[in-house]
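Structural characterization, general
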Amino acid sequence: MTSPLNDPSARQDPLILGIESTCDETGVALVRGNTLLADVTASSMDEYARYGGIIPEIASRAHLESLVPTIQAALTEAKVTLSDVDGIAVASGPGLVGSLTMGVTAAKSLALALGNPLWGVNHVIGHACVDQLVHGPFPEKVMALVVSGGHSSLLLIRDIATDVEELGQTLDDAAGEAFDKVGRLLGLPYPGGPHVDALARQGNPHAIRFPRGLTAPKYKDTHAYDFSFSGLKTAVARYVEAETDAGRALNVPDIAASFAEAVVDVLTAKTLAACQRHGVDTLVIGGGFSANSQLRQMAAERGAAAGITVRIPPIRYCTDNGAMIAALGSAVARAGVSPSALTIGVDSSMPLDVITV
Ligand code: KG4
Ligand code: ZN
């Protein structure tokens, strides 16, 4: 394959086009080095409010329709043409199979037509990598907490292009998913996360003591850095039921605040313990759930107390976007990682130590 990246000077700062289509967002971005030149996102989220959840079939069709216009808009925004592009990066997992297939097919077509190298990269690792576009290159070791409606993962990053270790993940619901389910329980619109957050800010986080999943001493060796939120969600449901049965009026802000406190307490406690255990002094938080105000506040407070620098990119780079994929493509291209074959498939449950396919 003729690749502009065979020329070492181009490899210093290749122009990478990144495509994200793992869920309901179609994201396309252009990155040179750690500089973001364009980032355009189309979303089909508005179509799901009436269903109370994402419908994969609708998401795939939306990607099919939005991909070409989104690529064109990103090129225009960056003031470049396709012939300027040195390499293509695409999220090839984890995510919804149909959605992933749309982005990977578009990326392969571009790579084939342009004679460019293609990297199929890990979406979750992209959530951490994008922070480099905002706050600069990572130090030698970084801890990343990636939290959204689909993931809650704790990653130890020794080199974002070549060495990522998964320390823990959720065994059931993701943090955002737990918020969405509790939102539904409390009669709030989908997605419930931001609504629960808004209510929680008016409530007392210590009003009700909800359980902290996987924090008992017996889990110290087996699940020190794993999360579980489904027991907590059940505890909230039982509490609501018991209060209703007893004829007491629900204090919804207190329920929301106490629930949020339980989620965020566990996320931050385990993450900071992992930082200390592995001698890491920089924590990056990414994923759509990092918009959560309790998480931001507790991570800042506990991070400061532990001497750990907490980096959270602006929210538009925390929700799914093309910049995170272009950023990771840029990192692997500059590190000289071999491109993926043009025969790659998609991996809906891509392991989190796989950076590129
Ligand atoms: O990353 P994202 O946009 O989509 C994926 O899940 O990949 O994350 C959306 C998730 C939803 O579950 C949403 O309810 C949750 O993040 N979320 C929040 C807040 N903002 C978004 N949860 C709690 N508090 C928020 N402020
Ligand atoms: Zn995501």
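Our subject in this report is the structure included herewith. On a predicted model such as this, the values are computed, not experimentally measured, just so you know. Note on numbering: residues in each chain are counted from 1, in written sequence order. Just so you know, chain letters begin at A and ligand numbers begin at 1, following the order they were written in. Only residues with pLDDT of 70 or above have their local features reported here, since the model is predicted, and side-chain atom pairs are shown and tallied only from 80 upward, although totals for entire chains, interfaces and linings are computed over all residues. Side-chain metrics in this entry use all non-hydrogen atoms of the structure; hydrogen atoms and water are not considered.

A closer look at the overall build of the protein
Under the DSSP-based scheme used, a helix requires at least four consecutive residues in state H or I and a strand at least two consecutive residues in state E, with every element numbered from the N terminus. Within the protein, the secondary structure is distributed over eleven helices and ten strands. Here the globule rule reads 2.2 Å times residues to the power 0.38, and the radius of gyration is calculated from C-alpha atoms. For the protein, the C-alpha radius of gyration of 21 Å lies close to 21 Å, the compact-globule estimate for 357 residues. Residue exposure ignores everything except the shown protein chains as possible cover, and the areas themselves are Shrake-Rupley values with a 1.4 Å probe. Split by element, the accessible area of the protein, about 14,700 Å² in all, is 52% carbon and sulfur.

Here we look at the coordination of the zinc ion (ligand 2)
Coordinating donors are taken to be N, O and S atoms lying within 2.8 Å of the metal, or within 3.2 Å when the metal is Na, K or Ca; because water is excluded from the atom set, some sites may appear incomplete. Within the protein, His123 (NE2), His127 (NE2), His151 (NE2) and Asp320 (OD) serve as the donor atoms for the zinc ion (ligand 2), at 2.1 to 2.5 Å. Geometry is assigned from the angles between donors: four donors with all angles from 85 to 135 degrees make a tetrahedral site, four or six donors whose opposite pairs exceed 155 degrees while the rest stay between 65 and 115 make square planar or octahedral sites respectively, and everything else is labelled irregular. Coordination at the zinc ion (ligand 2) comes from four donor atoms whose angles at the metal span 86 to 167°, giving a geometry best classed as irregular. When the donors of the zinc ion (ligand 2) are listed by position in the chain, the intervening gaps give H-x3-H-x23-H-x168-D. One end of the pair, His127, is in helix 4 (residues 123–129); the other, His151, is in the loop between strand 6 (142–147) and strand 7 (152–159), with 24 residues separating them in the sequence. Judged by relative accessible area, His151 falls into the buried class, the value being 13%. Under the scheme applied here, a residue whose accessible area is under 20% of the maximum for its type counts as buried, over 50% as exposed, and between as partly exposed, the area being computed with a 1.4 Å probe on protein chains only.

Quick look at the site of ligand 1
Near ligand 1, the surroundings consist of 17 residues, among which Gly149, Asp180, Asp197, Gly288 and Asn292 are the closest. A distance of 3.5 Å separates an oxygen atom of ligand 1 from a polar side-chain atom of Ser148. Pairs of N or O atoms within 3.5 Å make up the polar contacts considered here, provided that, within protein, one atom can donate a hydrogen while the other can accept it, and that residues adjacent in sequence are counted only when both atoms are side-chain atoms. Measuring from an oxygen atom of ligand 1, one finds a backbone N or O atom of Gly288 at 2.9 Å. Element by element, the count of residues in the shell around ligand 1 is highest for helix 6 (residues 175–185), at four residues. In these notes, residues near a molecule or strand are those with any non-hydrogen atom within 4 Å of it.

Some words on helix 8 (residues 230–245)
The end-to-end C-alpha distance of helix 8 is 22 Å, a good match for the 22 Å that 16 residues give at a rise of 1.5 Å each. Residues of helix 8 that are buried include every one of Leu232, Ala235, Val236, Val240 and Glu243, and no others. What you see down the axis of helix 8 is that its buried residues fit within an arc of 135°, all on one side. Every exposed residue of helix 8 that faces more than 90 degrees away from the buried side is listed here: Arg238, Glu241 and Asp245. Looking at the packing, one finds that the buried side of helix 8 touches helix 6 and helix 9 (252–277). Two residues or fewer past helix 8, Gly247 is found with a positive phi of approximately 75°. A helix is expected to span 1.5 Å for every residue after the first. The arc in question is the one traced by the directions running from the helix axis out to the C-beta atoms. What makes two residues a contact is simply this: any of their non-hydrogen atoms within 4.5 Å.

Re the packing of aromatic side chains
Pairs were defined over the aromatic rings of Phe, Tyr and Trp, the Trp ring being its six-membered one, requiring ring centres within 6.5 Å. Orientation was assigned from the angle between planes: stacked under 30 degrees, edge-to-face over 60, tilted for the rest. With the rule as written, the count across this model stands at four aromatic pairs. Where Phe179 meets Phe259, the ring centres are 4.7 Å apart and the plane angle is 50°; that geometry is what we call tilted. Linking Phe179 in helix 6 with Phe259 in helix 9, this pair joins segments that are 80 residues apart in sequence. For the pair formed by Phe179 and Phe259, the shared burial category is buried. On the numbers, 6.2 Å between centres and 10° between planes, the contact of Phe227 with Phe229 is stacked. Judged by its relative accessible area of 0%, Phe227 falls in the buried class. Classification of Phe229 as buried rests on a relative accessible area of 1%.

Digging into the pattern of salt bridges
The salt bridge criterion pairs a side-chain nitrogen of Lys or Arg with a carboxyl oxygen of Asp or Glu, the two atoms within 4 Å. Tallied over the entire structure, the rule returns twelve salt bridges. We note a salt bridge from Glu243 to Arg248, for which the minimum N-O separation is 3.0 Å. Residue classification places Glu243 among the buried residues on the basis of a relative accessible area of 13%. Put simply, Asp173, Glu177, Lys181 and Lys233 are held in one network by salt bridges that share partners.

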